Amino acid sequence: MQHVDIQNRVYDFFRRFASGQTVFLFAVPFLPNSWYTDKKQLFPLLFQTGKAIFLFREHSLFMKKKPFYTELAYLLGILAIALGTAFMERADFGMSMVVAPAYVLYLKLSATWEFVTFGMMEYTLQAVVLLFMAALLRRFRLSYLFSFFTAVLYGFALDGCMALVGLFPAVGIPWRIVFFLGGALLCSLGVAFMFHTYLAPEAYELFVKEVSSAFRISISKFKTGYDCVSCLLGIVLSFAFFGMWHFEGVKWGTILCALCNGALIGWLGKRMEAHWEFTDALPFRRYFEDRP
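About the criteria used
- Residues numbered from 1 in each chain as written.
- Predicted model: local features only at pLDDT ≥ 70, side-chain atom pairs only at ≥ 80, totals over all residues.
- Heavy atoms only, no water.
- Salt bridge = Lys/Arg side-chain N within 4 Å of Asp/Glu carboxyl O.
- Helix = DSSP H or I, 4+ residues; strand = E, 2+ residues; numbered from the N terminus.
- Buried < 20%, exposed > 50% of the residue type's maximum accessible area, 1.4 Å probe, protein only.
- Contact = heavy atoms within 4.5 Å.
- pLDDT = per-residue confidence, 0-100.

S.K.: Tell me what's going on with the pattern of salt bridges, and back it up with residues and numbers.
M.R.: Inspection of the entire model under this criterion finds four salt bridges. Lys251 serves as the salt-bridge partner of Asp92, at 3.0 Å between the closest nitrogen and oxygen. Of this pair, Asp92 sits in the loop between helix 4 (70-91) and helix 5 (100-110) while Lys251 sits in the loop between helix 10 (219-242) and helix 11 (252-275); the two residues are 159 residues apart in sequence, bridging distant segments of the chain. Assessed through its relative accessible area of 32%, Asp92 is described here as partly exposed. Using a relative accessible area of 23% as the deciding quantity, one classes Lys251 as partly exposed. Its salt-bridge partner being Arg141, residue Glu210 comes within 3.4 Å of it at the nearest N-O pair. Pair noted here: Glu210 is in helix 9 (residues 203-214) and Arg141 is in the loop between helix 6 (118-137) and helix 7 (142-165), with a separation of 69 residues, a long-range link. The exposure class of Glu210 is buried, given its relative accessible area of 5%.

What follows is the structure in structure tokens.
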């Protein structure tokens, strides 16, 4: 009853200011969080008249967002994905479905040619994906070349991160779990950053975007199908190179990533948008946007 009485008094207090012309600034640090989780439901009269501004505890409803450059998001996205992939490789609980084929090829070819690296196999396979996409769509755009540049940049970053992570001892299951979870989180963070830049993504994401758009297929359904094909290809390559029922690259961690990554990427993206206003530092967006 005490909470109800306080709430009624607060409502009555605000109503007296709603009819005035003065903009009123009010802080409510004493109210329970449940009272103002939705600003449009809390004090509808004041919000409709626009006569008041509220500063809520632990909320940033009126906090000015800080600018964050999309070009920086592009670089941080590449670095986060590369470092996360390196940690997941170190954990050896399975890679993501998209990179599994390249990882299996890397394991096989590096056993014969020592100069072959994981990053090298990544941008080589992505070049094949780009060529297949261009042939399938019967067109080639400048952004496709930049997508390959992104793949090469990511490949070098991946090799550097793998050398760095290799310095950490992955002894015992607990450390491997820490590496895997940290790597999965970094990969999701990197993808969330890449979703907030206009620069061309890696070939995997570009393939899904371009082909689904050209054939008018739901991008979410096409993405799911693409991931499943990548996973199946990784399993087939693993069986072919290392023997039947011998899984390399595709393990229980791969399934866990498939189940959790989408929700985690979405949550991280919302956190970013709540605190940052993504803006361009360079005038190059028009070269990457689709033209009619």
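There's more to say after this.
S.K.: Now, about the side chain of Ser188: what can you tell me, with residues and values included?
M.R.: If you trace the backbone, Ser188 turns up in helix 8 (residues 173-194). Residues contacting Ser188, with those up to four places away along its chain left out, are Asn261, Leu264, Ile265 and Leu268.

S.K.: Help me get a handle on the confidence of the model for the chain, residues and values and all.
M.R.: Chain-level pLDDT for the chain is 78 on average; 77% of the residues reach the 70-or-more range. Per-element averaging of pLDDT across the chain places strand 2 (residues 52-56) at the bottom with 41 and helix 4 at the top with 93. Considering only residues more than four positions removed or in separate chains, one finds that residues 17-62, a stretch of pLDDT under 50, has 68 contacts.

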